[in-house]
Amino acid sequence: MITISLCMIVKNEEDVLGRCLDSVKDLVEEIIVVDTGSSDNTREIARQRGAKLYEFPWRDDFAAARNYAFDQATQEYLLWLDADDVLEPLDREAFRQLKETLDPAVQMVMMPYHVAFDQADNPTFTYLRERLMRRDAGFRFEGAVHEAVAPRGLTVQAEAAVSHRKLRPGESGRNLRIFEKMLREGRALDPRQQYYYARELMDNGRTAEAAEKLEDFLRGGQGWIENILGACRDLAACRERLGDEQGALYALLGALAYAPPRAELCCEIGLHFFKKGNYAAAAFWYELATARPENEGGGFHQPDCGNYIPYLQLCVCYDRLGDRMQAEAYNELAAGVKPDDPAVAHNRAYFASLKKADA
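Residues numbered from 1 in each chain as written. Predicted model: local features only at pLDDT ≥ 70, side-chain atom pairs only at ≥ 80, totals over all residues. Heavy atoms only, no water.

Visitor: For this particular structure, what's the right way to read the environment of P260?
Guide: By the secondary structure assignment, P260 is in the loop between α9 (245-254) and α10 (263-275). In this structure the C-alpha to C-alpha distance between P260 and R292, which are 32 residues apart in sequence, comes to 9.1 Å. (Helix = DSSP H or I, 4+ residues; strand = E, 2+ residues; numbered from the N terminus.)

Visitor: Before we go on, may I ask you to explain the packing of helix α7 (residues 207-220) against helix α8 (residues 225-241) in this structure?
Guide: The packing of two helices is summarised by the inter-axis angle and the distance between the axes. Their axes nearest at 9 Å, the elements α7 and α8 cross at an angle of 150°. In this view, α7 runs roughly antiparallel relative to α8, as classed from their interaxial angle. Where α7 crosses over α8, the two elements pack in a sense that is left-handed. Across the interface between the two elements, T207, A210, A211, L214, E215, F217 and L218 of α7 pack against N227, I228, A231, C232, D234, L235, C238, R239 and R241 of α8. Taken together, the residues that form the contact of α7 with α8 break down as 10 nonpolar, two polar and four charged. (Axes fitted to C-alpha atoms, helices over the stretch in contact; angles between N-to-C directions. Parallel < 35°, antiparallel > 145°, perpendicular 65-115°, else oblique. Left-handed = near helix turned anticlockwise from the far one by under 90°. Contact = heavy atoms within 4.5 Å. Nonpolar A, V, L, I, M, F, W, Y, C, P; charged D, E, K, R; others polar.)

Visitor: Quick question: what am I supposed to make of the side chain of E30 here?
Guide: Looking at the secondary structure, you find E30 in strand β2 (residues 30-35). Take E30: its relative accessible area is 4%, and that puts it in the buried class. A polar side-chain atom of E30 sits 2.5 Å from a polar atom in the side chain of S5. A polar side-chain atom of E30 sits 2.9 Å from the main-chain amide nitrogen of T74. (Buried < 20%, exposed > 50% of the residue type's maximum accessible area, 1.4 Å probe, protein only. Polar contact = N/O pair within 3.5 Å; in protein donor to acceptor, adjacent residues only side chain to side chain.)

Visitor: Can you walk me through the packing of aromatic side chains in this structure?
Guide: For the coordinates displayed, the defined rule picks out 18 aromatic pairs. Their ring planes at 35° and their centres at 5.1 Å tell us that F56 and Y68 sit as a pair that is tilted. On the criterion of sequence distance, the pair formed by F56 in the loop between β3 (52-55) and α3 (62-72) and Y68 in helix α3 is long-range, its members being 12 residues apart. Overall, the relative accessible area of 10% leaves F56 in the buried class. Ring geometry for Y113 and Y127: centres 5.7 Å apart, planes at 80°, overall edge-to-face. (Phe/Tyr/Trp six-rings, centres within 6.5 Å; stacked < 30°, edge-to-face > 60°.)

Visitor: Could you clarify how one ought to interpret helix α6 (residues 191-203) in this entry?
Guide: Every α-helical turn comprises 3.6 residues, leaving residues that sit three or four positions apart pointing alike. Its 13 residues place the ends of α6 19 Å apart at the C-alpha level, agreeing with the 18 Å of an ideal helix rising 1.5 Å per residue. Residues of α6 that are buried: Q193, Y195, Y196, Y197, A198, E200, L201 and M202. In this structure, the buried residues of α6 make contact with α5 (174-184), α7 and α8. Measuring from the side-chain oxygen of the N-cap residue of α6 to the backbone nitrogen of R192 gives 3.1 Å; that N-cap residue is D190. Residue G205 follows α6 closely and has a positive phi angle near 80°. (Expected span 1.5 Å × (residues − 1).)

Visitor: Please explain the pattern of salt bridges as it appears in this structure.
Guide: Two side chains that carry opposite charge are able to pair once their charged atoms sit near each other. A full pass over the atoms with the stated rule returns 36 salt bridges. Measuring nitrogen to oxygen at the nearest pair gives 3.2 Å for the salt bridge that ties E185 to R187. A relative accessible area of 46% means that E185 is categorised as partly exposed. Relative accessible area serves as the criterion here: at 36%, R187 is assigned to the partly exposed category. Measuring nitrogen to oxygen at the nearest pair gives 2.9 Å for the salt bridge that ties K355 to E328. Linking K355 in helix α14 (residues 342-358) with E328 in helix α13 (residues 324-337), this pair joins segments that are 27 residues apart in sequence. Residue classification places K355 among the partly exposed residues on the basis of a relative accessible area of 45%. Each member of the salt-bridge network shares a partner with another, and the members are D26, R92, E93 and R96. (Salt bridge = Lys/Arg side-chain N within 4 Å of Asp/Glu carboxyl O.)

Now the structure itself:
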């Protein structure tokens with residue numbers, strides 16, 4: 001059975017760190033916690049859970065801090081988490097089985113990362129992250145912000161997932177500040193950083209600048225396919241905010257030049273036509289969304305876009321097209337995905353009222 005060092009960087013995480021460590025402390029042989037300047041009770045919470053505590057002066061470089069944590073580890077494999085991450089009970093058991101059965105020849109394990117949830121606590125936004133890797137393979141994080149480890153060697157995908165359970169917003173504007181500091185210092189952004197810089201501009205309300213940077217990124221043609229597809233959708237959102245609805249549609253359709261349409265893209269194109277009142281066109285794209293493979297490509301994945309969302313939208317589309325039977329059938333398909341959803345109940349009441357009026 002492999003041995004694991006958990007490696008973390010933290011700052012002022014007293015509200016979540018204990019929860020994180022309690023969810024994994026019996027699954028690892030070593031806990032490395034690198035503090036980057038806490039002024040609360042974070043360090044004491046780490047010590048109480050048996051962590052080896054280190055300090056690392058913060059210098060606006062997440063990769064540097066994470067790599068320092070890696071450098072302190074002594075076990076065969078490195079596992080990294082953020083303080084507001086947690087392994088839920090079923091994922092704990094899946095991770096335990098992974099640990100007991102993993103072939104030591106495996107250099108990297110990709111694990112699902114759940115970052116958004118619905119009212120029933122089902123994941124609504126998931127993507128894979130490089131989560132567990134052999135220490136002696138020399139893996140390193142790259143990127144001062146939105147840091148990542150490039151996969152290489154024998155890589156496998158695990159069922160065990162990490163859930164991101166944020167209790168409070170992050171530091172406002174921090175990532176954008178780091179990117180712009182890099183640019184002032186004359187440091188070139190690689191394609192991944194270019195994409196995330198544009199997203200930070202978008203998230204901070206600098207929509208026109210974000211659209212320009214997304215266009216530059218797409219013209220460069222050097223990004224990871226998942227970032228390219230994401231950039232097409234983000235560019236559409238920017239153009240819509242700027243009042244350019246036709247340009248938004250062109251951005252969405254532009255994604256078809258790179259890969260077959262994902263369910264998420266189909267839903268966004270469907271929504272464009274839905275807002276225009278073109279329900280027949282909207283229905284085409286929503287029906288296509290239901291037919292696309294689940295999580296094609298292993299990138300950013302919104303499970304509801306393959307069933308629940310298009311089913312509900314198709315219910316409305318067919319109702320407005322005058323096909324009540326088809327509309328009601330799609331609402332029942334949505335109910336099969338989320339039986340207790342308020343929208344499903346509302347639609348059922350609506351159809352019941354129509355039947356009563358017809359009686």
